[in-house]
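Architecture at a glance
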Amino acid sequence: MSTLSNSTNIFWQECPVGKVERQKLLNQRGCVVWITGLSGSGKSTLACSLSRELHSRGKLSYVLDGDNLRHGLNKDLSFKPEDRTENIRRVGEVAKLFADAGLICIASLISPYRKDRDACRAMLPDANFIEVYMNVPLALCEARDTKGLYKLARAGKIKGFTGIDDPYEPPLNCEIEIQPKDGFCATPGAMAGQVVSYLEDKGFLKDQ
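Quantities reported herein were computed from a predicted structural model and do not represent experimental measurements.

What counts and what doesn't
- Residues numbered from 1 in each chain as written.
- Predicted model: local features only at pLDDT ≥ 70, side-chain atom pairs only at ≥ 80, totals over all residues.
- Heavy atoms only, no water.
- Core = buried A, V, L, I, M, F, W, Y, C linked by side-chain atoms within 4.5 Å.
- Buried < 20%, exposed > 50% of the residue type's maximum accessible area, 1.4 Å probe, protein only.
- Helix = DSSP H or I, 4+ residues; strand = E, 2+ residues; numbered from the N terminus.
- Phe/Tyr/Trp six-rings, centres within 6.5 Å; stacked < 30°, edge-to-face > 60°.
- Lys NZ or Arg CZ within 6 Å of the ring centre and 35° of its normal.
- Contact = heavy atoms within 4.5 Å.

So, on to the nonpolar core. Val-33, Leu-46, Ile-130, Val-132 and Leu-199 are the most contacted members of the largest nonpolar core, which totals 22 residues. Elements with a minimum of two residues in this core: β1 (31–37), α2 (43–56), β3 (104–108), β4 (129–134), β5 (176–178) and α8 (188–201). If you tally residues by element for this core, the top one is α8, at 6 residues. Core analysis: the second largest hydrophobic core is formed by 15 residues, Leu-64, Ala-95, Ala-99 and Cys-105 among them.

Below is the structure:
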């Protein structure tokens, strides 16, 4: 039986309405805002706040949340390293489609391995992949522990938990870095504003 990886009888179907036309219709440029960081660092908070701010400006976005995707698209995957890689690959491919549709796709995932994030970046023109690093110390994330996951990981009830017994590899050259000042994190609105300013400066909030 042939598989997708070695099939030679599949062909790319071009359509008359392309990315340029879709972007003109939406008056924005499609891109991927990839938010990465430890559990409890504020990824989902930023993603939702950013989506709300873009909506208020008449800009169309969509949030791909790591936990939400594991209820459907990625529900067959575990948290083993190889499954984490496949999880990120799938999300990267979906995010690429959203960006091609002209949307501002906001992907919010721990995505702990640098090579997996870099593989997603390689799927798009480099300028269209905006990596946002939630640089929040482990101690602060663990102090928050809104889902109680760190407590379970420390008790040995969750294995392979990022930051406890599985590594997190921070970005080396992210476009945006968000971190606490004097031990305090910025408000969701302020964090979203930082990302929106970047999108404005780079011309993503207009079609050309």
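Further remarks concern the packing of aromatic side chains. Two aromatic rings are characterised by how far apart their centres lie and by the angle between their planes. Inspection of every chain in the model, using the stated rule, returns 4 aromatic pairs. When the centroid spacing of 4.9 Å and the interplanar angle of 10° are considered together, the rings of Tyr-62 and Phe-98 count as stacked. Taken as a pair, Tyr-62 in strand β2 (residues 61–65) and Phe-98 in helix α4 (residues 81–100) lie far apart in primary sequence, 36 residues in all. Since its relative accessible area comes to 21%, Phe-98 is described here as partly exposed. Ring geometry for Tyr-133 versus Tyr-168: centroids 6.1 Å apart, planes at 20°, classification stacked. Taken together, the residues Tyr-133 in strand β4 and Tyr-168 in the loop between α7 (149–154) and β5 connect sequence positions 35 residues apart. For Tyr-133, a relative accessible area of 12% translates into the label buried. Lying over the aromatic face of Phe-204, Arg-29 brings its terminal NZ or CZ to 4.3 Å of the ring centre. The lysine or arginine in question, Arg-70, covers the ring of Phe-79, its NZ or CZ lying 3.9 Å from the ring centre.

The subject of this paragraph is the side chain of Asn-87. Within the secondary structure layout, Asn-87 lies in helix α4. For Asn-87, the contacting residues outside a window of four places in its chain are Arg-70, Asn-74, Leu-77 and Leu-109.

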